[in-house]
Amino acid sequence: MDFGFGPEDEELRGRTRSWLREHLVGPYAHARGLGGPGGEHEEVEARRAWERELGRGGWIGQGWEVPDGAYGQRRLSLTGQVVWAEEYAALRAPGRVGHIGENLLAPTLIAYGSEQQRDRYLPGIARGEELWCQGYSEPGAGSDLAGIRTAAVRDPADGRHRVTGQKIWTSLARDADWCFVLARTEPGSRRHRGLTFLLVPMDQPGRVEVRPIRQLTGTSEFNEVFFDGAVAAEAVGGEGDGWTVAMGLLALERGVSTLVQQIGFAAELERVLAAHATSGAADPVLRERLVRQWAELRTMRWNALRTLGGSGGQGAPSVAKLLWGGWHRRLGELAVAVRGAAATAGPGDWGRESPYENGLDEEQRLFLFSRADTIYGGSDEIQRNIIAERVLGLPRETR
């Protein structure tokens, strides 16, 4: 792909910067920089209000494959989306709480949903009013999406599915209005057969329960979700076609958002480099690791630009996940290595009234949370299997 910014992109950059500076005021300014990895639940109400502000500005759904303004959104070119994302990250605007609906569910509905489904769900996402979470992973199945056990049975009285089972590692579940759930609708089916992609309202007391999972950082970004006869509003792609829809959605998880993520990575790396510069450490091995970290980040950026728009082939999303997951975990390790022994000390005595996470600094939090980077979003082992089987044509893993 011949990627480059033209005059119209630079004009958009100016407009984007002006709009963000004009609107990032009041509670939104207070929420700047909040809501990143390990802090998904920070200032969530202010960030929900910011999502609606973005909707009023038409900034949600820029890359949807629908006519410009069809759902109140402004359609931008691929380079325009990168410009917006770069300016958004550079000004440390609040972490998006609507990204799952905008970047995962909406393109899936555009590709596999009916016109009625698009007209029902896309406007709420575009206005920033309805938040979504993803019900894929399950206990006992790990990253093996085809091993799910959550079941859904169609009620003959109203034709709707009743969902029963458990999902885990569900980001934003505490705050979401809806969850798209992959469930087994054909009794006795195995692996990828007999699955259906369902849209489930979260506000169902007694039928949907969310339990936050306390992590190494002491925060609870991920959640368990229990369904006990929860009523699904409808299915996307038809009953039994869930695997096709789910695989189509997973292919959408990487893209412009990867470039946004890398801007955050660059800011974290700058902090680590600054800490090293002031520490006076002369360890040549540590310096070599820092240089390598910088070079790898530049390589990831060019790879992300090269593969925008799907030009990297079927394995590009898995390669991107392998690259950034390992890179970020190594950055966390570097952050504490630069600090030395002091990085291993907590803020003081631990107690119920003063849990340790209240005193963690940014480097300690980065180190602890980034341990999960090579697991969530599809573990490294799963990504390597995808590359081996679907790209290289190697024999499938025995299951």
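Here the structure is shown first, and the text comes after it.
Heads up: these notes are all about the structure in this document. None of the values given here were measured: they were computed from a predicted structure.

### With respect to the overall build of the chain
- When helices and strands are counted, the chain shows 12 helices and 8 strands.
- Split into buried and exposed, the 399 residues of the chain put 49% on the buried side.
- Across the chain, every contact between residues at least 6 apart in sequence was considered, and the portion connecting residues at least 24 apart equals 72%.
- As presented, the chain carries roughly 19,000 Å² of accessible surface, and 52% of it is formed by carbon and sulfur atoms.

### Here's the deal with the pairing of strand E1 (residues 132-135)
- By the alternation rule, side chains of E1 split into Trp132 and Gln134 and Cys133 and Gly135, which are all buried.
- Inspection of the sheet shows E1 paired to strand E4 (residues 178-184) by 4 bridges, in the parallel sense. Its bridge partner being in E4, Cys133 is matched across the sheet by Cys179.

### Focus: the environment of Thr307
- Note that Thr307 resides in the loop between helix H9 (284-306) and helix H10 (316-339).
- Spatially, the C-alpha atoms of Thr307 and Ala320 are 9.3 Å apart, while their sequence positions differ by 13 residues.

### Overview of the state of the cysteines
- Per the stated rule, a full pass over the model turns up 0 disulfides.
- Free cysteine: Cys133, not disulfide-bonded; nearest cysteine sulfur from Cys179 at 3.6 Å.
- You can call Cys133 buried: its relative accessible area is 0%.
- Residue class for Cys179 comes out buried when judged on its relative accessible area of 1%.

### Regarding the side chain of His161
- Relative to the helices and strands, His161 is located in strand E3 (residues 161-167).
- Looking at His161, the relative accessible area reads 4%, which means it is buried.
- Here the side chain of His161 touches Glu239 through a polar contact of 3.3 Å, side chain to side chain.
- Contacts of His161, omitting those with residues within four sequence positions, involve Ala152, Val153, Arg154, Thr185, Leu198, Ala230, Val231, Ala232 and Glu239.

### Details of the environment of Glu363
- The residue Glu363 is located in helix H11 (residues 362-369) in this model.
- Each C-alpha atom, one on Glu363 and one on Gly332, is 7.0 Å from the other, the two residues being 31 residues apart in sequence.
- Non-local contacts of Glu363, meaning those with residues more than four positions away in its chain, are made with Arg271, Ala335, Val336 and Arg339.

### Structural notes on unusual backbone geometry
- In this structure, Arg92 takes a positive phi of about 55° despite not being glycine.
- Here Arg92 is to be found in the loop between helix H4 (78-90) and helix H5 (99-112).
- Positive phi is not limited to glycine here, since Leu172 has a value of about 65°.
- Counting through the fold element by element, Leu172 comes out in the loop between E3 and E4.
- Judged by relative accessible area, Leu172 falls into the buried class, the value being 4%.

### Remarks on the pattern of salt bridges
- Across all of its chains, the model carries 23 salt bridges by this definition.
- Where salt bridges share partners, they join Glu10, Arg13, Arg17, Glu86, Glu87 and Arg301 into one cluster.

### Observations concerning the pairing of strand E2 (residues 151-154)
- Two strands pair when backbone bridges link them, and E2 and E3 are joined in this way by 4 bridges, in the antiparallel orientation. Following the sheet pairing, Arg154 is matched in E3 by His161.
- From the end of E2 to the start of E3, which pair antiparallel, there are 6 residues, and Gly159 there has a positive phi angle of about 80°.

### Things to note about the packing of H10 against helix H12 (residues 380-391)
- As a packed pair, H10 and H12 sit with axes 9 Å apart at the nearest point and diverge in direction by 145°. Here H10 and H12 pass one another in a crossing that is left-handed. Contact residues: H10 offers Ser318, Val319, Lys321 and Leu322, while H12 offers Asp380, Gln383, Arg384, Ile386 and Ile387.

### So, H5
- Its 14 residues place the ends of H5 19 Å apart at the C-alpha level, agreeing with the 20 Å of an ideal helix rising 1.5 Å per residue.
- At Leu105, H5 shows its maximal kink, close to 30°; a proline, Pro107, follows between one and four residues later.
- Taken together, the buried positions of H5 are occupied by Ile100, Gly101, Glu102, Leu104, Leu105, Ala106, Thr108, Leu109 and Ile110.

### With respect to the nonpolar core
- Formed by 47 residues in total, the largest nonpolar core has its most connected members in Trp50, Trp64, Trp132, Phe180, Phe197 and Leu199.
- At the level of elements, helix H1 (7-23), helix H3 (44-56), H4, H5, helix H6 (115-126), E4, strand E5 (195-201) and helix H7 (242-250) are the ones that each hand at least two residues to this core.
- Sort the elements by how many residues they give to this core and H5 lands first, with 6 residues.
- The next biggest cluster of nonpolar side chains, apart from the first, holds 16 residues, and it includes Ala152, Val181, Ala183 and Leu198.

### Considering the environment of Glu129
- Its location among the elements puts Glu129 in the loop between H6 and E1.
- Taking the C-alpha atoms as reference, Glu129 lies 8.7 Å from Ala49; in sequence the two are 80 residues apart.
- If near-sequence neighbours (up to four positions away) are discounted, Glu129 is found in contact with Arg48, Arg52, Gly124 and Asp177.
- A polar contact of 2.9 Å, which involves the side chain of Glu129, links it to the side chain of Arg127.

### Thoughts on the packing of H9 against H10
- The N-to-C vectors of H9 and H10 enclose an angle of 155°; their axes lie 11 Å apart at closest approach. Classed by the angle they form, the pair H9 and H10 counts as roughly antiparallel. Relative to H10, H9 is oriented so that their crossing is left-handed. Residue-level inspection shows Leu286, Arg289, Leu290, Gln293, Glu296, Leu297, Met300 and Asn303 of H9 in contact with H10, the latter providing Leu323, Trp324, Trp327, Arg330, Leu331, Glu333, Leu334, Ala337 and Val338.

Rules used throughout
Residues numbered from 1 in each chain as written. Predicted model: local features only at pLDDT ≥ 70, side-chain atom pairs only at ≥ 80, totals over all residues. Heavy atoms only, no water. Helix = DSSP H or I, 4+ residues; strand = E, 2+ residues; numbered from the N terminus. Buried < 20%, exposed > 50% of the residue type's maximum accessible area, 1.4 Å probe, protein only. Contact = heavy atoms within 4.5 Å. Areas by Shrake-Rupley, 256 points an atom, 1.4 Å probe, with all protein chains shown as cover. Pairing = 2+ DSSP bridges. Disulfide = S-S within 2.5 Å. Polar contact = N/O pair within 3.5 Å; in protein donor to acceptor, adjacent residues only side chain to side chain. Salt bridge = Lys/Arg side-chain N within 4 Å of Asp/Glu carboxyl O. Axes fitted to C-alpha atoms, helices over the stretch in contact; angles between N-to-C directions. Left-handed = near helix turned anticlockwise from the far one by under 90°. Expected span 1.5 Å × (residues − 1). Bend = angle between axes of the 7 residues up to and from the residue. Core = buried A, V, L, I, M, F, W, Y, C linked by side-chain atoms within 4.5 Å. Parallel < 35°, antiparallel > 145°, perpendicular 65-115°, else oblique.

These figures come from the coordinates and say nothing about function on their own.
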